[in-house]
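This is what each chain is made of:
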Amino acid sequence: MNGPRGVVETLITEIVTEVTTAEIAVWTIMVASAVVVFSIFAQRRARSELNVAAILGWSCVRIAALIAVFVVLAVQVARSGWLTGADTATLDWFLAHRSVVWTTLAVAVTTVGGPGGVVLIATVLAAGIGWQRRAIGPAMLVLSPVALAAAASTLVKLVVRRERPPVSAHLMTETDFSFPSGHVTATTALAGAVLLVVWMDPAAGTHTRRTARKFFAIFAAVAVVAAVMLTRLYLGVHWLTDVLAGALLGTTAVLATALVVTAIRLHPDRDREDTVTGHPTPLTRHTVRNSSARHGSVTPDTFSAATQRRPERLARPSPSP
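The protein is annotated in an unreviewed UniProt entry as Phosphatase PAP2 family protein of Antrihabitans stalactiti. The Subcellular location (unreviewed entry) field of the UniProt record for the protein holds the comment "Cell membrane".

Novice: Sorry, what's going on with the UniProt feature "transmembrane region" (unreviewed entry) in the protein here?
Specialist: In this numbering, the UniProt entry assigns the feature "transmembrane region" (unreviewed entry) to residues 24–42, 54–79, 99–127, 139–160, 180–203, 215–237 and 243–264. The distance separating the terminal C-alpha atoms of residues 99–127 is 38 Å; by composition the span is 90% helix and 0% strand. Taken end to end, residues 215–237 is 87% helix and 0% strand, and its first and last C-alpha atoms sit 32 Å apart.

Novice: Would you take a moment to explain the packing of aromatic side chains for this structure?
Specialist: The way to describe two aromatic rings as a pair is by their centre distance and the angle between their planes. Scanning all chains against the criterion turns up three aromatic pairs. The ring centre of Tyr 234 lies 5.9 Å from the NZ or CZ of Arg 98, which sits over that ring.

Novice: Looking at this structure, how should I read helix α9 (residues 207–234)?
Specialist: An α-helix turns once per 3.6 residues; consequently, residues spaced three or four apart project the same way. In a regular helix each residue adds 1.5 Å, so 28 residues correspond to 40 Å; α9 covers 41 Å between its end C-alpha atoms and thus fits that length. Along α9, the residues classified as buried are Ala 217, Ala 221, Val 225, Val 228, Met 229, Thr 231, Arg 232, Leu 233 and Tyr 234. At its buried positions, α9 is contacted by α4 (85–95), α5 (100–112), α8 (182–199) and α10 (240–265).

Novice: What am I meant to see in the pattern of salt bridges here?
Specialist: Any two side chains of opposite charge can pair, so long as their charged atoms come close to each other. Under the criterion given, the structure shown has seven salt bridges. Where Arg 45 meets Glu 49, a salt bridge forms, and the shortest distance between an N and an O atom there is 3.1 Å. By relative accessible area, which is 27% here, Glu 49 ends up partly exposed.

Novice: How do you make sense of α4 when you look at a structure like this?
Specialist: Where α4 is concerned, the buried positions are Asp 87, Thr 90, Leu 91 and Phe 94. Along the axis of α4, the buried residues cluster in a sector spanning 100°; they form a single face. What points out from α4, more than 90 degrees from its buried face, is the exposed set Gly 85 and Ala 89. In this fold, the buried residues of α4 make contact with α9 and α10.

Novice: Even after reading the chapter, I still don't get the packing of α8 against α9, so can you show me in this structure?
Specialist: Two quantities define a packed helix pair, namely the angle between the axes and the distance from one axis to the other. Where α8 contacts α9, the axes come no closer than 9 Å and their chain directions differ by 175°. On the basis of the axis angle, α8 is roughly antiparallel to α9. Facing α8, whose interface residues are His 183, Val 184, Thr 187, Thr 188, Ala 191, Leu 195, Val 198 and Trp 199, α9 presents Arg 213, Lys 214, Ala 217, Ile 218, Ala 221, Val 224, Val 225, Val 228, Met 229 and Arg 232.

Novice: How should a nonpolar patch on the surface be read in this particular structure?
Specialist: Together, Val 112, Ile 121, Leu 125 and Val 194 give the surface a local cluster of nonpolar side chains, amounting to about 270 Å² of exposed area. Here Val 194 is to be found in helix α8.

Novice: So what exactly am I meant to see when it comes to unusual backbone geometry here?
Specialist: Among all residues except glycine, the phi angle is most often negative; among peptide bonds, the trans geometry is most common. Following Phe 179, the chain continues to Pro 180 via a peptide bond in cis, the omega torsion being -5°. Tracing the backbone shows Pro 180 in the loop between α7 (137–160) and α8. We note that Arg 161 has phi near 55°; this positive angle belongs to a residue other than glycine. You can see Arg 161 is positioned in the loop between α7 and α8.

The rules behind these values
Residues numbered from 1 in each chain as written. Predicted model: local features only at pLDDT ≥ 70, side-chain atom pairs only at ≥ 80, totals over all residues. Heavy atoms only, no water. UniProt positions renumbered as here; feature names shortened; annotations may be inferred. Helix = DSSP H or I, 4+ residues; strand = E, 2+ residues; numbered from the N terminus. Phe/Tyr/Trp six-rings, centres within 6.5 Å; stacked < 30°, edge-to-face > 60°. Lys NZ or Arg CZ within 6 Å of the ring centre and 35° of its normal. Expected span 1.5 Å × (residues − 1). Buried < 20%, exposed > 50% of the residue type's maximum accessible area, 1.4 Å probe, protein only. Contact = heavy atoms within 4.5 Å. Salt bridge = Lys/Arg side-chain N within 4 Å of Asp/Glu carboxyl O. Arc of directions from axis to C-beta. Axes fitted to C-alpha atoms, helices over the stretch in contact; angles between N-to-C directions. Parallel < 35°, antiparallel > 145°, perpendicular 65-115°, else oblique. Patch = residues over 30% accessible without salt bridge, like charges linked within 9 Å, V, L, I, M, F, W, Y side chains within 5 Å. Areas by Shrake-Rupley, 256 points an atom, 1.4 Å probe, with all protein chains shown as cover.

Printed below as a string of structure tokens:
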């Protein structure tokens, strides 16, 4: 087939064929994982230097790395590639370790972590947080990742069209496609959204207390997502790669939301009141701290002057590494 369309189709076919191989898949995952880790440390340095472009840029890099891993996983699933080799063995292990108690617990957890349960919990949390802070920003911060993850999950299911494990393995009825797990995707998005609200809220208290609260939120989010992943495997309605892809997709939705929120919060023309936290924006807090160090204390005049100087600080080039 000649012409640009033929070239593009040939290129896509070659890429898909290469990604199906074990070597390319493993190397892609390893490189993407390294990029994610490096971007975290690089972004921390960018924050310390108040380099807005670098902060947002490294967020984009991290999201791109996760998307690359997800695409590799989707191609592997669609072509029954090497990464799907553990799916059957994992399912067999869970089938061999079932009991009445674990089944009852798994059904309860998966019911709460289902799309309906997640939407209900997200709505209640969004309403409560929005009412507490008297702002719509926190509510949207909870709802946006869940909505984005749900839409992406539905679209990918229709594209990949993977069949679920055999019906004989099911402990509950599921009729839609298997990849990715909608339960895990939605739960990850909700847990990540709550973690995002906690992380972006400079609540009163000591630095130790704030740090402890953040680590507790991380632990709780990971535990909840892991519980839903295990229950979907235990109930025999998903393959291992389905739940892994769901966690990846939900995390990507959270990071995409965080990127948008960060861009809004760090915009130089924003008001100094943060619509997400109800506190001064990070740039304003940084500038006020510097003004306080130079002038001895933060007065209303100092705060106003610091806020007016903020665009100048943004225009100033960041120090060379």
